[in-house]
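Next come the chains, spelled out residue by residue.
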Amino acid sequence: MLDLWASLPPALQDVLFALALIAPGLLAGALVLRGLRPLPLVGAMLRRFAFVNALFVALIAVSVGLGVGLLAQERGLRQGSARSAEKFDLIVAAPGSEVTVMLAAVYLQPSDMALVTGAQYAEIAAAEGVAFAAPIAFGDSYQGAPVVGTTVDFVTHLAGPLAEGRVFSAAEEAVAGAYAPVDVGGSFTPAHGHGPAAEHEAHEGFAYAVTGRMAPTGSPWDRALLVPVEGVWAVHGLANGHAPDDPRIGPPFVPEMMPGTPAVLVHATELWGNYALKSRFTRGDLMAFFPGTVLAQLHALMRDVRSAMSLMAVLTQVLVTLSVLIGLMILVRLIARSLALLRAIGAPLRFVFAVVWAYSAALILSGATLGLALGWGAARGISAVITARTDVLVTANLGWPEAHLVAGFISLTLFMALLPAWLAVRRPLLTDLRT
Amino acid sequence: MTPALHVEDLRVTSREGRVLLDVPLLTLAPGQSLALRGASGAGKSTLLHVLSGLVRPSAGRVVWGGQDIAALTEDARARFRRETLGLIFQDCHLFEELSALGNAGLASAFAPARDRAPIRLAAASWLAALGLGQAGSRAVDSFSGGERQRIAVARALAGGPPVILADEPTAALDRANADALGADLVRLAAEGGRTLIVVTHDAALAARMGRQITLADGRIVEDTDA
Amino acid sequence: MRACLLSLLLIAAAPALAETHDDHVAEAEGLRVLHAWTPATAKGADALVYMEVENTSAAEVMLTGGEAEGAALELVGFSYGAAGEAWTVLPGLPIPARADVDLEPKVLALRWSSVPMDLVPGAELEIEVEVGGHHLHAHVEIGAAGATGHSHAGHNH
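Keep in mind it's a predicted model, so treat the numbers as computed, not measured.

What counts and how
Residues numbered from 1 in each chain as written. Chains lettered and ligands numbered in written order. Predicted model: local features only at pLDDT ≥ 70, side-chain atom pairs only at ≥ 80, totals over all residues. Contact = placed C-beta atoms within 7 Å. Helix = DSSP H or I, 4+ residues; strand = E, 2+ residues; numbered from the N terminus. Nonpolar A, V, L, I, M, F, W, Y, C, P; charged D, E, K, R; others polar. Pairing = 2+ DSSP bridges. Axes fitted to C-alpha atoms, helices over the stretch in contact; angles between N-to-C directions. Parallel < 35°, antiparallel > 145°, perpendicular 65-115°, else oblique. Left-handed = near helix turned anticlockwise from the far one by under 90°. Domains from an automatic or database assignment. Buried ≥ 20, exposed ≤ 12 C-beta atoms within 10 Å, placed from the backbone. Core = buried A, V, L, I, M, F, W, Y, C linked by C-beta atoms within 7 Å.

So, the interface of chain A and chain B
Thinking step 1. Counting residues at the interface gives 20 residues for chain A and 19 residues for chain B.
Thinking step 2. Residue assignment for the side of chain A that touches chain B shows that the elements contributing at least two residues are helix 3 (39-48), helix 11 (336-344), helix 12 (349-390) and helix 15 (429-434) of chain A.
Thinking step 3. For the side of chain A that touches chain B, the element with the highest residue contribution is helix 3 of chain A, accounting for five residues.
Thinking step 4. Across the side of chain A that touches chain B, the residue classes tally to 14 nonpolar, two polar and four charged.

Encoded structure:
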């Protein structure tokens, strides 16, 4: 049985699991409503106590929305951060913290770090199986946007064909990220450093001209300004990696003329190449790592937090379910007179049971549907805030985990709604008729 | 076919042991009309509730057309009410969110599939017979007290029951409406050969019945034919 | 006297001790497999085996896979993106002369698909690692289900 399950495509597994979750509730409903037509009457009763019913629906919607939003948001954030790192196959840097280098080189959250020397870079670039080795030299900024020195290979690898203009071909040119604060044809003078401590006058007299704009990548690089690494070295008064009379930009660099770079992105020619290069450049004077591996480890650490949050969401829903149940029992007292009339004029007990259950089911299904929409809306809203703050494109969409959560909630509460229905048909008929 | 009523050794006692009803014998021929009268607390409504199967007696038999409803389960008594009785309450007991036709045809909601359409048709027909034919789709909260009670009468008749039980049907109405409703009730019952039992303080309505029984302290103290 | 006896006992036990200590190392012609381990895995699931492979020879060799209980072990590389974690089969991995390669969690592994029995913590299993045309026999230590490293990774042999 387990083997059969494992052999099914994941999408089919999700569908079957959702059906299995919602089946008990639907089965209970089918049995309760079999051969009966209580819905027109239930509709009338729902309209009678519209305000109270709306409160119930809102309560259910908020609790479902909380769980849905939490799950969707967390997955959106995890996927968005992972998507940002997809293009960064292998990073080589000076020995230190892989997380720090990853945050700086992939997510443009720069820190001070030791440099990879010109000789080391030359060794990396010349290694067998390397398609290209791109320096990533950060440290400057413009209006909050990182200014990063690199090569044409990196620009093309990161974002593909430009959305506008052309890639830089001289040390004073730049390519803007999709949402960077400078247009094609514009120019800017970088500040030294970043954030409130940036020194805006440090590079006065120097300007980059923007020649092109990248297509969106969904990463913090969309706000960045990419310049030739030679420009970064030149603006800091350093050698530019080439012989004095060599006007070109890009590799190969002269090792003795290369000031160094905090990180190098390495892209291999073959699928297995990155793994071999990682082994080769993991040694005393260099550190090589896969950002995907580091991110996966971080996300695994966060998984415990996520589990705790999911548990909280589930507990919240259980509490709300219990509250809904108690509330339904109270609601039954509101409609007791109507139920007593039905019994008095000869409605079978099964019909009265079905009316009460269908009344509860209408509230539960309305609340769950509204909650699904609320959760989706909340996740989208929070994602927009996170995207604006971190420049990591976070898009929270509803997926199977949310569907499973809602299916399980609906099924459980529909099943529990049998209790108030059972209590309703046990009420004293004449007493209710006289109220 | 309209069933005859035979009540024998009927007793209803409260939880504290107080005798609420003590009727050794009561019979009613099919198609007869009967008014139950007496002071408040005399047991009139209790007797009506027992005859309709809403209350189970502490002892005795309540036989309608050969069937002792006192021995039936709650669901069986509900079925009996559905198939045999039309109930009219003092307080109309209408569903405020349904239209006049929706209320009159309420029994179609829980009737077997084959009976739903006929009940709705009958409801419309009875509303027309009671002067509300054009107002079927209006919400009931727009009707006067007399009109609301007529809707309740239409509801009681829509299932085609051979027996009508009414508990103070004119108590909430003014004189003119009470007289009109009383006349219609008696006429419609007689036209269908239906048995009609009403609990009433209304002397004019009681006078329209073929027989009057007066209760006091749960016992029949007077039984007269019109 | 007592010291002599103790020394004799220790000497007599040394081969056994050495065997116990070094039975997670397998070597042939300059190639060594060290510290092979895998987390506990339920029957039917995929097991990922990690190890260190040293090439002290003067020639580059290819690590291509392995074998366990008659089943092939695939060399797989880890990737992580928006679609989540994935292990991709690699045709081989070159190990340069006088270099080594670490097969470690979320980087590289030998994958044993649908293991035929439960791999329980504390037990060992026998595999063969195919590298440089050789089949190196290796003892694999089975660690706890959530283990992220060999029980005593980091020490030298």
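Continuing now.
Here we look at the sheet that holds strand 9 (residues 211-216) of chain B
Working definition: the strands of a sheet are paired by backbone hydrogen bonds and lie parallel or antiparallel to each other.
All names here are of chain B.
Thinking step 1. Spatially, six strands are ordered 6-7-8-3-9-10 in an open sheet, and the strand pairing comes out mixed. Both outer strands of the open sheet, strand 6 (85-88) and strand 10 (219-225), are each paired with one neighbouring strand and no more. Taking each pair of neighbouring strands and ignoring which way they run, the sheet shows an average axis angle of 15°.
Thinking step 2. Note that strand 3 (residues 33-38) and strand 9 share five bridges and pair parallel.

Focus on the sheet that holds strand 2 (residues 19-28) of chain B
All names here are of chain B.
Thinking step 1. Reading across the sheet, the four strands line up as 2-1-4-5 and stay open at both edges, with antiparallel pairing between neighbours. Among the strands making up the open sheet, the edge pair consists of strand 2 and strand 5 (67-68).
Thinking step 2. In terms of strand pairing, strand 1 (residues 5-13) meets strand 2 through eight bridges, oriented antiparallel. Looking at the pairing, Leu5 lines up with Leu28 of strand 2.
Thinking step 3. With respect to the sheet, helix 1 (residues 44-52) is in contact with strand 1, strand 2 and strand 4 (59-64), its orientation differing from that of strand 2 by roughly 60°.

Concerning the packing of helix 5 (residues 145-158) of chain B against helix 6 (residues 175-191) of chain B
Residue and element names in this part refer to chain B.
Thinking step 1. Running from N to C, helix 5 and helix 6 cross one another at 15°; their axes reach a closest spacing of 10 Å. Comparing the axis directions of helix 5 and helix 6 gives the class roughly parallel. Two packed elements cross with a definite hand, and for helix 5 against helix 6 that hand is right-handed. Taken together, the residues of helix 6 that come into contact with helix 5 (itself represented by Gly145, Gly146, Gln149, Arg150, Val153 and Leu157) are Asn177, Leu181, Leu185 and Leu188.
Thinking step 2. Considered class by class, the residues forming the contact of helix 5 with helix 6 number five nonpolar, four polar and one charged.

A word on the interface of chain A and chain C
Thinking step 1. Listed by partner, the interface residues are 19 residues for chain A and 21 residues for chain C.
Thinking step 2. Those elements that provide at least two residues to the side of chain A that touches chain C are helix 1 (2-7), helix 4 (50-85), helix 9 (273-281) and helix 10 (291-334) of chain A.
Thinking step 3. When residues in the side of chain A that touches chain C are grouped by element, the largest group, five residues, is from helix 10 of chain A.
Thinking step 4. Here the side of chain A that touches chain C is composed, by residue class, of 10 nonpolar, five polar and four charged.

A look at the domain arrangement of chain A
Residue and element names in this part refer to chain A.
Thinking step 1. Examined at the domain level, chain A breaks down into domain 1 (9-84 + 298-434) and domain 2 (90-289).
Thinking step 2. The straight-line distance from the C-alpha centre of domain 1 to that of domain 2 is 51 Å.
Thinking step 3. Counting from both sides, the interface comprises seven residues of domain 1 and, opposite them, seven residues of domain 2.
Thinking step 4. Here the element with the most residues in the side of domain 1 that touches domain 2 is helix 4; it accounts for three residues.

What about the pairing of strand 6 (residues 84-89) of chain C?
Residue and element names in this part refer to chain C.
Thinking step 1. By the criterion of burial, strand 6 is predominantly exposed, with just zero of the six residues buried.
Thinking step 2. Where strand 5 (residues 71-81) and strand 6 come together, six bridges link them in antiparallel fashion. Bridge assignment links Gly81 to a residue of strand 6, and that residue is Gly84.
Thinking step 3. Linking strand 5 back to strand 6 in an antiparallel pair, the connection comprises two residues.

Observations regarding the nonpolar core
Thinking step 1. The biggest cluster of nonpolar side chains holds 236 residues, and the ones touching the most others in it are A:Leu225, A:Val264 and C:Val49.
Thinking step 2. At 16 residues, the largest contribution of residues to this core is made by helix 12 of chain A.
Thinking step 3. In this structure, this core is formed jointly by two domains, domain 1 (9-84 + 298-434) and domain 2 (90-289) of chain A, each of which donates at least three residues.
Thinking step 4. Contacts of C:Val49, omitting those with residues within four sequence positions, involve C:Ala36, C:Thr38, C:Leu73, C:Ala109, C:Leu110, C:Trp112, C:Ile127 and C:Val140.

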